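Fold and contact review
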Amino acid sequence: MEEADYLILGAGPAGSRAAQAIRRRDPDGRIVLLTEESRAFTNRIVLSKEFLKSDDLPPERATVVPPEALAGLGIDLRVRRRIVRLDPVARTVDLEDGDRIGYGRALVATGSRPLTLPVPGFDAPGVHTLRTIEDAVALRTAARAADRAIVVGGGLIGAEVACALRARGLGVTLLARETWFWGHLAPEGVGRVIGGILAAGGVDLRLGRTVAEILPEPDGLVVRTSEGEEARAPLIVVGVGVRYNVDFLADSGLVGPGRGVRANARLETDAPGLWAAGDVAAFDDPVLGARHHVEHWLHAQHQGRLAGENMTGGDAIYARVSSYDTRLFDVPVTVVGAPDLAGRWTEEEELRGEAGLAVGWRGERPVAAFRIGEGATAEVTRRIADAVEEP
C-alpha cells in the first residue's frame, strides 16, 4: 500500500492552499493531492462572471495554481481520481480504480457539487449546471448559439449567470421559488433591492415559481411551473444550491446532520490526524458562536491555509469574519458573516433603489450584513469580529 505523510482530498482552493502551507512548514514531507476534477484550483469566481460574459478569457486563465507550480513544490497532484472510502481508524483512503493510500495526516477538502432538479427533463440536452471549468466551457459554447436563456435559482449563482448572459445580449428569464430574491438568506428588503437591480438590467424575474418539468421542443426547451406558467429558451442554467461531497465518508461517523464533516475551531475532525476545510467543513465558528458552513471560494482558501499550518504542528483557531462581494450590472454587493444564522434584521441604511445596508442579528449579537451599492463594510465586520470567543 502506498503511503503519504499528508494526504489532501480535494485540490480546489482549500486543498491547494493547504498543500502549499504544508510545504512551507515541512520541506520534506510527502504530500499527495487528489481531485476528481481535471485540474487543480479553478477560480470559480470568474466562471459565472468574466468567463461567461466574453469569449476572450481562455480556460487556462481560470486556473489559479498550475500543475507545474505544484510539481515545483514537490506536491504529487493526481487528477480525475475518485475517492470511494476513507477509513479514519486505519488511516487509509480507497480510490475507484482500486488503489489504496495510507496517510499520517489528511485533509477533507472535497467541496460540493450542484444540486439537481428532481423533475422530468433535467437531464435533457441544453440544461446546464455550473461548477467546473468544463461546465463553464459548455455553457459559454451554448450561449454563443442562443438568443434566450432561462435561469432557475434565486441565489448568488443565479444572479451572476443572469447578469453575464444579459451582457452577452441574451434575453434572460429567471425563475425562483422564493417570493423575493435570495429569500433563503436575505431579508425581504435586500431581496427586493436585488430583484430591482436585475429587473432594471433586463432580466424577466419570475418569483414564487416552482419548476415542475422541462420538455424538449423542436426549437428548444420549455419549462413548465407548478403554477401553470411556461417559459421557452434553447438554454437553461440551473443553480439551486449544492450538495457536499462526503459520500466516501458514509460509514465513518464523521458526517453531521447537515451532511458536512464536523470540525472544531482548529478545523480538526473527530478522528485523530484528520482535518476538514472549505465548503464541506461544518466548523465551530468562535466568531459567530455556532457550527455552520461557509460556501465561498475566498473562505475556502483561508481555511485551507490554516488547516495546513495546523497539520504541521500549528494550534490556531479559525476566527475570521467571512465575506464575499460581487457586482450585479455594475452595482456592488457585499455579504459579510453568515446570513443563515440571523434571526432578525435591521436596516442601518435604508434599502432603496440600488443601495442600503442591512445587519443580521442572532439574539443580541451581529452575525451578518448585506451592503448594496458603494460603501465600506469594515465597521460592521469589526462589530462581528469583536464577539469572538476563544474555545
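Whatever comes next refers back to the structure up there.
Residues numbered from 1 in each chain as written. Predicted model: local features only at pLDDT ≥ 70, side-chain atom pairs only at ≥ 80, totals over all residues. Heavy atoms only, no water.

Attention now goes to helix α5 (residues 133–144). The first and last C-alpha atoms of α5 sit 17 Å apart over 12 residues, in line with the 16 Å expected at 1.5 Å per residue. On its buried side, α5 packs onto α2 (44–47), α3 (50–53), β8 (127–128), α6 (156–167) and β15 (235–238). (Helix = DSSP H or I, 4+ residues; strand = E, 2+ residues; numbered from the N terminus. Expected span 1.5 Å × (residues − 1). Contact = heavy atoms within 4.5 Å.)

So, on to helix α8 (residues 297–311). Spanning 15 residues, α8 covers 21 Å between terminal C-alpha atoms, matching the ideal 21 Å at 1.5 Å per step. Along α8, 11 of the 15 residues are buried, which leaves the element largely enclosed by surrounding structure. Every buried residue of α8 is listed here: W297, H299, A300, Q301, Q303, G304, L306, A307, G308, N310 and M311. Summarising the contacts, the buried residues of α8 are in contact with β1 (2–9), α1 (13–25), α2, β6 (100–108), β18 (274–276) and β19 (281–285). (Buried < 20%, exposed > 50% of the residue type's maximum accessible area, 1.4 Å probe, protein only.)

Quick look at the nonpolar core now. Ranked by size, the top nonpolar core spans 53 residues in total, and within it L7, L9, L107, V108 and L249 carry the most contacts. With residues near it in sequence (within four places) discarded, L107 still touches L7, I8, L9, A14, G15, A18, L274, W275, A276, A277, A307 and M311. (Core = buried A, V, L, I, M, F, W, Y, C linked by side-chain atoms within 4.5 Å.)

Moving on, we get to the pattern of salt bridges. Side chains that differ in charge, positive against negative, can pair when their charged atoms come close. Scanning the model with the defined rule gives 34 salt bridges in all. One salt bridge in this structure joins D76 and R78, with 2.8 Å as the shortest N-O distance. For D76, a relative accessible area of 27% gives the class partly exposed. Connected through salt bridges with shared partners, the residues E213, E217, R224, E230 and R232 form a single ionic network. (Salt bridge = Lys/Arg side-chain N within 4 Å of Asp/Glu carboxyl O.)

Once that is clear, we can look at unusual backbone geometry. A positive phi angle, near 50°, is found at F41, a position not held by glycine. With respect to the element layout, F41 can be found in the loop between β2 (31–34) and α2. Even without glycine at this site, R80 takes up a positive phi of about 55°. Within the secondary structure, R80 is located in the loop between β3 (75–78) and β4 (83–87).

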